[in-house]
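# Working through the structure, step by step
Spelled out, the chains give:
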Amino acid sequence: MRFPFTNTYSQLPPEFFERTSPLPVSSPSLIAVNDELAIELGIDPEFLRSDEGLSVLSGNQVPEGAEPLAMAYAGHQFGGFSPQLGDGRAILLGELHGKDLQLKGAGRTPYSRRGDGRSALGPVIREYLVSEAMHALGIPSTRALAMVESGEQVQREELKPGGILTRVASSHLRIGTVQFFAARGDHANLEALVSYAKLRHYPDLSGALDLLRKVIEKQASLIAQWMSVGFIHGVMNTDNMSLSGETIDYGPCAFMDRYDPAQRFSYIDKQGRYAYQNQAYIAQWNLSRLAEALLPLIDKKQERAAELARNELAKFPVLYESARLRLFSKKIGLPENPDWELIQSFLDLLEEQKADFTLAFRSLSQGRDALLSQIQETQSARSWLIRWEATGVSDPLLMDQVNPAFIPRNHRIENVIQAADHGNFTPFHELHEILKRPYSDQKEFTPYQDSPAPHEIVCATFCGT
Ligand code: AMP
Ligand code: MG
């Protein structure tokens, strides 16, 4: 068998999903295959490049052993609850080595509502590049196995070439999956879901309260890692937050260039609900929704359940702040001397000077002069340098392991998408290669480190899927 599928999700009770099949496309072409990931999953990358491989990756053929389905979930979107969402443009084929294999953009499902179940090529490229970049940065993320151009057009603001992403995830269980059953008062399936989360992610899980605790720990660590590289998810709805603690659902996500805590990119996020500086707060808000959904399983006495859940939720800020302090201490090269005041005054300096977040941190390992090529030598810059140098212990090697030289910058992604929309994938492959080694200098690609010139700045990103 080409794909050694197991299908544990499809064994769950019928309320968890709808069986559905990908809808064929007319003339698909393969744009990218992730060889390393294919091998991890026990698939031959050469097979994926074959005609048969392409027909699987484009949804034209359901591979032997797959049990295609769309998963049910609910979710709070921008604060408002939708009891019925579900995979509207994604189809789970099955699991390989314990990981979900999903086609995103493979046609309508019973959960598509008014959507077409398709995806434009641009968002597929963005997800491919950014999810793989996150993985290379060492941040938990869903992965991209392959990308196909569908050969068909999709109607967005204008007609766009269509794309299909093959996504790999530890699972696609979301906070919204728990909310789906909680909102229906379906406690039997809520129990089944907790057991399933134990099977997939947390072998020593001891019940619903423990699940809450574990997801809180994972998410506190994840959001701290996002913050440490300037990543802005953009749509932190509860249906876009995984129980596994992987970054999931890359829509209008972006890395910030100049440091601005209020930065947001998503065109639809006018209020900045999901701005950089709000991400930890929003994560905690989402985790509170998870807690509410789990309450019926936590204790028969709801007051007691609420108290237990509140105690767990109260740990989130502590876990998050300590993870963030650890990461940023490494970023300024002082892992053994965590000093939030020193870190914060550096961030204040970057904000005041509108400096590039990534370049400024990366320069630190080269010392004073390198930093002063990124920021102006103001009085506050001088006094910060004096305090930093006075610690006398900064560790350049460590800094270069946590301060990336290369991030998937917005303007680069835009260029890649524009070229791809005209059939040129060379820029995609080049950027993808560079992003595989974000912490190496890769001197031949220095321009890819640069922040955008004023005319290149991307102010807004779109879901556009
Ligand atoms: P998102 O927050 O972008 O991950 O998606 C929110 C919900 O909208 C999910 O239930 C998606 O499956 C659904 N959705 C988004 N785009 C489409 C589309 N083009 N067709 C059908 N459903 C969609
Ligand atoms: Mg989503």
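The structure we're discussing is the one just above.
Summarised in this report is the structure supplied together with it. (Residues numbered from 1 in each chain as written. Chains lettered and ligands numbered in written order. Predicted model: local features only at pLDDT ≥ 70, side-chain atom pairs only at ≥ 80, totals over all residues. Heavy atoms only, no water.)

### Focus on the overall build of the protein chain
- From N to C terminus, the protein chain includes 17 helices and 12 strands.
- In terms of overall dimensions, the protein chain is globule-like: its C-alpha atoms have a radius of gyration of 22 Å, near the 23 Å expected for 465 residues.
- Looking at the protein chain as a whole, 59% of its 465 residues are labelled buried.
- Counting contacts in the protein chain only where the partners sit at least 6 residues apart, residues at least 24 apart contribute 71% of the total.
- Of the roughly 18,500 Å² of accessible surface on the protein chain, 50% is carried by carbon and sulfur atoms.
- Where the 46 positive side-chain charges of the protein chain centre and where its 58 negative ones centre are 4 Å apart. (Helix = DSSP H or I, 4+ residues; strand = E, 2+ residues; numbered from the N terminus. Rg over C-alpha atoms; globule rule 2.2 N^0.38 Å. Buried < 20%, exposed > 50% of the residue type's maximum accessible area, 1.4 Å probe, protein only. Contact = heavy atoms within 4.5 Å. Areas by Shrake-Rupley, 256 points an atom, 1.4 Å probe, with all protein chains shown as cover. Lys, Arg positive; Asp, Glu negative; His and termini not counted. Charge placed at Lys NZ, Arg CZ, Asp CG, Glu CD.)

### Some thoughts on helix H16 (residues 410–421)
- For H16, spanning 12 residues, the distance from its first C-alpha to its last is 16 Å, which sits close to the expected 16 Å at 1.5 Å a residue.
- Turning to H16, its buried residues number three or more, namely Asn410, His411, Arg412, Ile413, Val416, Ile417, Ala419 and Ala420.
- On the buried face of H16, the contacting elements are helix H4 (121–137), strand S12 (254–255) and helix H17 (426–435).
- Two residues or fewer after H16 comes Gly423, characterised by a positive phi angle close to 85°. (Expected span 1.5 Å × (residues − 1).)

### With respect to the nonpolar core
- If you look at the biggest cluster of nonpolar residues, it comprises 118 residues, and the most contacted ones within it are Tyr9, Ile125 and Trp384.
- Two domains each put at least three residues into this core: domain 1 (9–169) and domain 2 (327–400).
- Among all residues touching Tyr9, those that are not within four sequence positions of it are Phe16, Phe17, Leu69, Met71, Ala72, Leu92, Glu95, Leu173, Thr177 and Tyr196.
- Judged by nonpolar contacts, the second largest core, of 25 residues, contains Phe3, Val56, Leu145 and Val168. (Core = buried A, V, L, I, M, F, W, Y, C linked by side-chain atoms within 4.5 Å. Domains from an automatic or database assignment.)

### Quick look at the side chain of Arg143
- With respect to the helices and strands, the residue Arg143 is situated in strand S9 (residues 143–155).
- At 3.1 Å, the side chain of Arg143 and the side chain of His135 are in polar contact.
- Apart from the residues within four sequence positions on either side, Arg143 is in contact with Asn34, Glu36, Leu37, Glu40, Ser131, Glu132, His135, Thr166, Arg167 and Val168. (Polar contact = N/O pair within 3.5 Å; in protein donor to acceptor, adjacent residues only side chain to side chain.)

### What to know about unusual backbone geometry
- Phi angles above zero are rare outside glycine, and Phe78 is one such case at about 50°.
- Non-glycine residue Lys354 carries a positive phi angle of around 50°.
- Structurally, the position occupied by Lys354 is in the loop between helix H11 (340–353) and helix H12 (357–363).
- A residue is classified by how much of its surface remains accessible, and Lys354, at 54% relative accessible area, is exposed.

### Topic: helix H9 (residues 302–313)
- In a regular helix each residue adds 1.5 Å, so 12 residues correspond to 16 Å; H9 covers 16 Å between its end C-alpha atoms and thus fits that length.
- Where H9 is concerned, the buried positions are Ala305, Ala306, Leu308, Ala309, Glu312 and Leu313. Along the axis of H9, the buried residues cluster in a sector spanning 165°; they form a single face. Exposed and facing more than 90 degrees away from the buried side of H9 are Glu303 and Arg310.
- Looking at the buried side of H9, the elements it contacts are helix H7 (208–229), helix H8 (279–298) and helix H10 (315–331). (Arc of directions from axis to C-beta.)

### Quick look at the coordination of the magnesium ion (ligand 2)
- Protein coordination at the magnesium ion (ligand 2): the donors are Asn240 (OD1) and Asp249 (OD), at 1.9 to 2.1 Å from the metal. Here the two residues Asn240 and Asp249 agree in accessibility, since each one is buried. (Donors = N, O, S within 2.8 Å, 3.2 Å for Na, K, Ca; no water.)

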